[in-house]
Amino acid sequence: MNTFAALSLILGASAFAVPRSSCSFQLTASGGESGTIGQLSDGQNRIGGGLSPATFTINNGGIIDSASRGCILTPSVEQFQCDQGVGPTFGFAIDSNETLTYSGSSVFYACPASDTEWNLYTTPVTGQEKCVEISLTASGCGAATSVASSVTTVTVYDCGMASSTSPLATSTPVVVQSSTSLAPVVQYSPSTASIPAASPSTSPLGSVPSFPSSSEQYSRGTTVIPTPIDTTSVWAHTYVSSAPETIVTYTSSVATSVQSSSTCVTTSLTGSSTSGNYQYPHLIVPISSSSPTAASGTSYFGTISSNTSTIFNFDIPSSYSGSTCNLIFLLPFLSELETSSYTFSGSGGVDFSQLSSAATEATTWDNAPSVEKDLGEFTLSEGSSTLVESFVCPAGETLSFEMSAVGDTFLYFFQDWNPSPLGLYITVC
């Protein structure tokens, strides 16, 4: 059976705006009070007082400071400050004019902390008559300009799909039907770790097998090693060109070869993202109790803290039918990382849960899917590879897992399969 995919190369000379979802910046206030935004040692953001300008990083609606503290709006008075050991409040954005907004509003307030210093708020503080309206400008975080005028389409034909009588593949990243939206365009940001150049498509490929029956119960620690074969998979790629403001999105067909089972280790990624023993998450959604109705959308980062957990969607390939899947978390030493990083503190306790349905880019703390099965608490440590759960692969289905902090654990990481792999994965051996 032949299949095809369209290859669209976006080239040309007319410009359009692509808002950046991640970059580092400094803030300047204007309006009722003006000046650069600095920080006290405890993370309070202030105008005045001779404080040095503070540097912040925004990622998918959440802001952290240079000390990796999550920037929040305090529950009582909505003061904008950055606290150690908590995830950021989501809902922030930077528009094409470099104006910082929260929940779509560019209005902030400065209320006096002393005669020469002002704290920042999203609402005026009750009883403080000297609060004034301000706006905040984020230097260096406007809209990226991309180029697109002519589109060339090439039709690529694939042959040689695995027959129904062939042994099942163990690790081919075959695209399956998903309840999640299409993978987002990767946006260039000079301040973040390198972004994976390929992301799996969520376009449907035929029928979706049913979820395993109740007799096929999940179990820990059991691994089935099926016979590997060669097969073909379809991928949607996003390519960030050497010219940092040019973004090219295309879909292609790639013939892949499954890694030999003799080299497969349950808690290790072997091979490559297109020919290995693993699947990476196709949607990552942080949700926060500090902003329970704010949808952060898809992210490349996981945040695990006292007020923020993260949901990961995995689209299980049809070729995994009859195999055993292993949910693993990899936390290598920082010295082993080449293109990613993380911030980690506290006891290391993390609770893993399987959710009753898939998350979407609109998922929030309040509307997140319920927990179908608690997978238990695990203590993560630097340099560890943790097997969370082994289970019968629900071929063709989308699974969602949530990571939540236990106690004082704080973990903020860039999900990345490049050496050394970091984050949550599903392996098949």
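Before any of the text, the structure's been laid out above.
Structure report, in brief.

### Describing the overall build of the chain
Along the chain, the regular secondary structure elements total zero helices and 33 strands. Pairs at least 24 residues apart make up 74% of the contacts formed inside the chain by residues separated by at least 6 positions.

### Some points on the nonpolar core
Of all hydrophobic cores here, the largest spans 29 residues; its most connected members are L327, F329, F352, F401, M403 and L424. Among the secondary structure elements, those contributing two or more residues to this core are β25 (308–315), β26 (324–331), β28 (349–355), β29 (371–379), β30 (384–392), β31 (398–405), β32 (410–414) and β33 (423–428). At four residues, the largest contribution of residues to this core is made by β26. With residues up to four places along the chain from it excluded, the contact list for L424 reads P281, F312, F314, L327, I328, F329, F352, F401, M403 and Q415.

### Side note on the pattern of salt bridges
Across all of its chains, the model carries three salt bridges by this definition. Across the salt bridge formed by R69 and D65, the nearest N and O atoms sit 2.8 Å from each other. Judged on exposure class, the residue R69 and its partner D65 are both buried. E389 is the partner of K373 in a salt bridge, and the nearest nitrogen-oxygen pair spans 2.8 Å. With K373 in strand β29 and E389 in strand β30, the pair connects residues that are 16 residues apart, well separated along the chain. Residue class for E389 comes out buried when judged on its relative accessible area of 3%.

### Focus: the state of the cysteines
Disulfides are covalent bonds that connect the sulfur atoms of two cysteines. Taken as a whole and assessed by the stated rule, the structure comprises three disulfides. A sulfur-sulfur separation of 2.1 Å characterises the disulfide bridge that pairs C71 with C82. Between C71 and C82 the sulfur-sulfur dihedral comes to about 85°; the bridge is accordingly right-handed. Highlighted residues: C71 in strand β8 (residues 70–73) and C82 in strand β9 (residues 80–83), separated in sequence by eleven residues. Between the sulfur atoms of C325 and its disulfide partner C393 the distance amounts to 2.0 Å.

### Digging into unusual backbone geometry
In this model, P419 is joined to S420 through a cis peptide bond whose omega is -15°. Relative to the helices and strands, S420 resides in the loop between β32 and β33. Phi is positive for S68, which is not a glycine, with a value near 65°. If you trace the backbone, S68 turns up in the loop between β7 (62–65) and β8. For E98, which is not glycine, the phi dihedral falls at a positive 65°. Within the element layout of this structure, E98 appears in the loop between β10 (92–94) and β11 (100–102).

### Looking at the sheet that holds strand β24 (residues 301–304)
Across the sheet, three strands lie side by side as β24-β32-β27; this open sheet has antiparallel pairing. Each edge of the open sheet is held by one strand with a lone partner, namely β24 and β27 (342–345). Across the sheet, the mean angle from the axis of one strand to that of its neighbour is 10°, orientation sign disregarded.

### Notes on the side chain of S68
With a relative accessible area of 17%, S68 lands in the buried category. There is a polar contact of 3.2 Å between the side chain of S68 and the side chain of T343. In this structure S68 touches T343 and F410, once residues within four positions along its chain are discounted.

### Digging into the environment of F92
Here F92 lies in strand β10. Here F92 falls in the buried class, since its relative accessible area comes to 4%. Along the primary structure F92 and G61 are separated by 31 residues, whereas in three dimensions their C-alpha atoms are 4.5 Å apart.

### Overview of the sheet that holds β26
Spatially, four strands are ordered β22-β33-β26-β30 in an open sheet, and the strand pairing comes out antiparallel. Each having just a single partner strand, β22 (278–279) and β30 make up the two edges of the open sheet. Pairing of β22 with β33, which is carried by two bridges, proceeds in the antiparallel orientation. Note that in β33 the partner of Y278 across the bridge is T427.

What counts, and at which threshold
- Residues numbered from 1 in each chain as written.
- Predicted model: local features only at pLDDT ≥ 70, side-chain atom pairs only at ≥ 80, totals over all residues.
- Heavy atoms only, no water.
- Helix = DSSP H or I, 4+ residues; strand = E, 2+ residues; numbered from the N terminus.
- Contact = heavy atoms within 4.5 Å.
- Core = buried A, V, L, I, M, F, W, Y, C linked by side-chain atoms within 4.5 Å.
- Buried < 20%, exposed > 50% of the residue type's maximum accessible area, 1.4 Å probe, protein only.
- Salt bridge = Lys/Arg side-chain N within 4 Å of Asp/Glu carboxyl O.
- Disulfide = S-S within 2.5 Å.
- Pairing = 2+ DSSP bridges.
- Axes fitted to C-alpha atoms, helices over the stretch in contact; angles between N-to-C directions.
- Polar contact = N/O pair within 3.5 Å; in protein donor to acceptor, adjacent residues only side chain to side chain.

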